[in-house]
Amino acid sequence: MTQRLYYSDSYTRQFAARVIEHLTVDGQSAVVLDRSFFYPASGGQPADRGTIGGVPVLDVTVRESDKAVLHVLERPVAESEAACELDWARRFDAMQQHTGQHILSQAFLRAANAATISFHLGGDSVTIDLDVEPARLPPAALERAEEVANRAVTGNLPVRAWFPAADELATLPLRKTPDVDGPLRVVAIGDFDFNACGGTHVAATGEVGLIKIIKTEKQKKATRIEFRCGARALADYGRKNALLTQLAADFSCGVPEVPQAVSKLRDEAQAARKDLRAAREAVMDHEAQTLLDSIPAVDGRRVIRQAYPQRDMAELRGLAARLAAAAGTVALLGAAGEKAQLVFARADDVPVDMKALLLPALAALGSGRGGGDARLAQGGGMSAPWEAVAAALQQAENELRK
Ligand SMILES: [Zn+2]
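Presented here is an overview of the structure given in this document.

Procedures and definitions
Residues numbered from 1 in each chain as written. Predicted model: local features only at pLDDT ≥ 70, side-chain atom pairs only at ≥ 80, totals over all residues. Helix = DSSP H or I, 4+ residues; strand = E, 2+ residues; numbered from the N terminus. Buried ≥ 20, exposed ≤ 12 C-beta atoms within 10 Å, placed from the backbone. Contact = placed C-beta atoms within 7 Å. Axes fitted to C-alpha atoms, helices over the stretch in contact; angles between N-to-C directions. Parallel < 35°, antiparallel > 145°, perpendicular 65-115°, else oblique. Left-handed = near helix turned anticlockwise from the far one by under 90°. Pairing = 2+ DSSP bridges. Expected span 1.5 Å × (residues − 1). Nonpolar A, V, L, I, M, F, W, Y, C, P; charged D, E, K, R; others polar.

**What to know about the environment of Leu 365**
Stage number 1. Along the chain, Leu 365 turns up in helix α7 (residues 354-365).
Stage number 2. On the basis of neighbour counts, which here come to 22 C-beta atoms within 10 Å, the residue Leu 365 falls in the buried class.
Stage number 3. Sequence separation of Leu 365 and Ala 388 is 23 residues, and the distance between their C-alpha atoms is 6.8 Å.
Stage number 4. Contact partners of Leu 365, with chain neighbours within four places excluded, come to Ala 340, Met 382, Ala 384, Ala 388, Val 389 and Ala 392.

Written as structure tokens, this is what we have:
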């Protein structure tokens with residue numbers, strides 16, 4: 001069994017150890033050491049990385065049968081006495097986030113009576129899940145929890161981890177008593193927080209640095225709180241500051257004025273869309289009137305037939321409806337292209353079924369689908385060149401004039 005030195009000392013990053021077993025884990029070389037500062041993944045905290053005898057450590061796990069710590073290696077190690085080194089940046093980051101988590105969990109108990117039910121520490125995100133719905137955590141509650149947590153940081157409270165005897169354990173106000181066999185390791189943060197935990201922590205809360213909540217998310221009946229501590233919080237602040245500074249530069253305003261500038265831009269875009277719609281309607285009114293003027297009715301009837309190389313379906317419909325508003329008029333409109341379209345429409349006083357006229361015209365163009373009723377019918381979707389669309393419209397007009 002490995003002597004787990006990280007329990008009593010989370011700051012040693014270089015040490016010598018004797019290799020007491022060589023084995024393979026899922027096809028990878030691994031070793032058991034007589035003593036180790038390498039932390040195996042557990043309780044939401046990821047495993048350490050580093051080197052053993054100069055060989056990179058890929059993972060650290062615990063063998064269920066005898067609780068030996070297995071150090072999975074990139075390749076075999078020859079030495080029986082090996083120099084070991086932790087990836088300290090990774091370990092210290094884990095210590096900052098993990099200690100910050102203890103503090104924040106206690107802060108949520110105090111500020112919002114919300115208990116932590118799980119903890120996840122990943123490369124990109126650090127989260128805890130609280131046993132309350134998001135509605136119980138309004139912005140003011142989040143601010144209170146942040147304030148309580150950061151006060152515990154600036155108080156620079158000592159962090160102590162030990163295995164108390166049963167009688168002492170009974171007197172400690174643990175946040176949660178886990179159901180485990182054997183001695184329980186307790187982590188105390190001043191008198192602020194007591195919790196059972198096997199992880200690695202900083203020696204005093206000041207080392208955690210800033211604790212910042214950045215996001216809340218509903219998780220069934222729980223709430224997931226995403227946060228950053230220390231160097232991660234600083235990096236996050238840096239990214240967000242750069243983003244806001246860039247936005248302010250793009251808007252030529254100060255950072256506090258960015259929301260106003262976005263709101264103004266949105267209003268302007270909305271007004272522009274409205275104006276554009278009105279302008280398109282006016283153009284279509286004009287276009288319809290020009291067509292009607294250019295083709296006078298003969299004996300109270302006229303057919304307006306137009307094939308366009310390319311045109312939007314909504315526009316075709318709008319134009320057809322305007323033309324069909326004129327008495328005695330039938331509009332046979334078509335647009336060529338990858339998805340060719342036909343729109344047929346008639347005035348109320350023309351007794352012809354537009355759908356019956358449209359379907360053979362679509363059939364002439366291939367396999368287009370059509371729909372509508374006796375007054376307005378439309379269809380298409382097949383690829384057709386302008387000449388074919390023009391010919392299909394001509395055929396429909398010939399049919400109409402019979
Ligand atoms: Zn812990």
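There's plenty left to go through after this.
**Considerations on the packing of helix α5 (residues 258-294) against helix α6 (residues 313-324)**
Stage number 1. Packing of α5 against α6 leaves a shortest axis separation of 9 Å and a crossing angle of 50°. Accordingly, the angle class assigned to the pair α5 and α6 is oblique. Crossing hand, α5 versus α6: right-handed. For the pair α5 and α6, contact is made by Met 284, Asp 285, Glu 287, Ala 288, Leu 291 and Leu 292 and by Glu 315, Gly 318, Leu 319, Arg 322 and Leu 323, respectively.

**A few points about the sheet that holds strand β14 (residues 211-219)**
Stage number 1. Strand order across the open sheet formed by four strands is β9-β10-β15-β14, with antiparallel pairing between neighbours. One side of each edge strand has no neighbouring strand; the edge strands of this open sheet are β9 (116-121) and β14. The sheet shows a mean angle of 20° between the axes of neighbouring strands, taken without regard to direction.
Stage number 2. Where helix α4 (residues 230-250) meets the sheet, its contacts fall on β14 and β15 (222-229), and the angle it forms with β15 comes to roughly 90°.

**A word on helix α2 (residues 139-154)**
Stage number 1. Spanning 16 residues, α2 covers 22 Å between terminal C-alpha atoms, matching the ideal 22 Å at 1.5 Å per step.
Stage number 2. Among all positions of α2, only Ala 145, Val 148, Ala 149, Asn 150, Ala 152 and Val 153 are buried.
Stage number 3. For α2, the secondary structure elements touched by its buried residues are α1 (88-112), β12 (186-189) and β14.
Stage number 4. With its phi angle positive at about 45°, Asn 156 sits one or two positions after the end of α2.

**Description of the packing of α1 against α4**
Stage number 1. Where α1 meets α4, the axes come as close as 7 Å, and the angle between the chain directions of the two elements is 90°. One element, α1, and the other, α4, form an angle in the roughly perpendicular class. On the side of α1, the interface is formed by Asp 93, Gln 96 and Gln 97, while α4 contributes Gly 230, Ala 231 and Arg 232.
Stage number 2. Among the residues forming the contact of α1 with α4, the class breakdown is one nonpolar, three polar and two charged.

**Quick notes on the pairing of strand β13 (residues 193-196)**
Stage number 1. As defined by bridge partners, β12 adjoins β13 across four bridges and the pair is classed as antiparallel. Residue pairing in the sheet places Ile 189 in a bridge with Asp 193 of β13.
Stage number 2. Hairpin connection from β12 to β13: three residues lie between these consecutive antiparallel strands, with Gly 190 at a positive phi of about 50°.

**With respect to the sheet that holds β13**
Stage number 1. One open sheet accounts for three strands, arranged β11-β12-β13; its pairing is antiparallel. If you trace the sheet from one side to the other, it starts and ends with β11 (159-162) and β13, each paired once. On average, adjacent strands in this sheet sit at an angle of 15° to one another, irrespective of strand direction.
Stage number 2. Where α1 meets the sheet, its contacts fall on β11, β12 and β13, and the angle it forms with β13 comes to roughly 120°.

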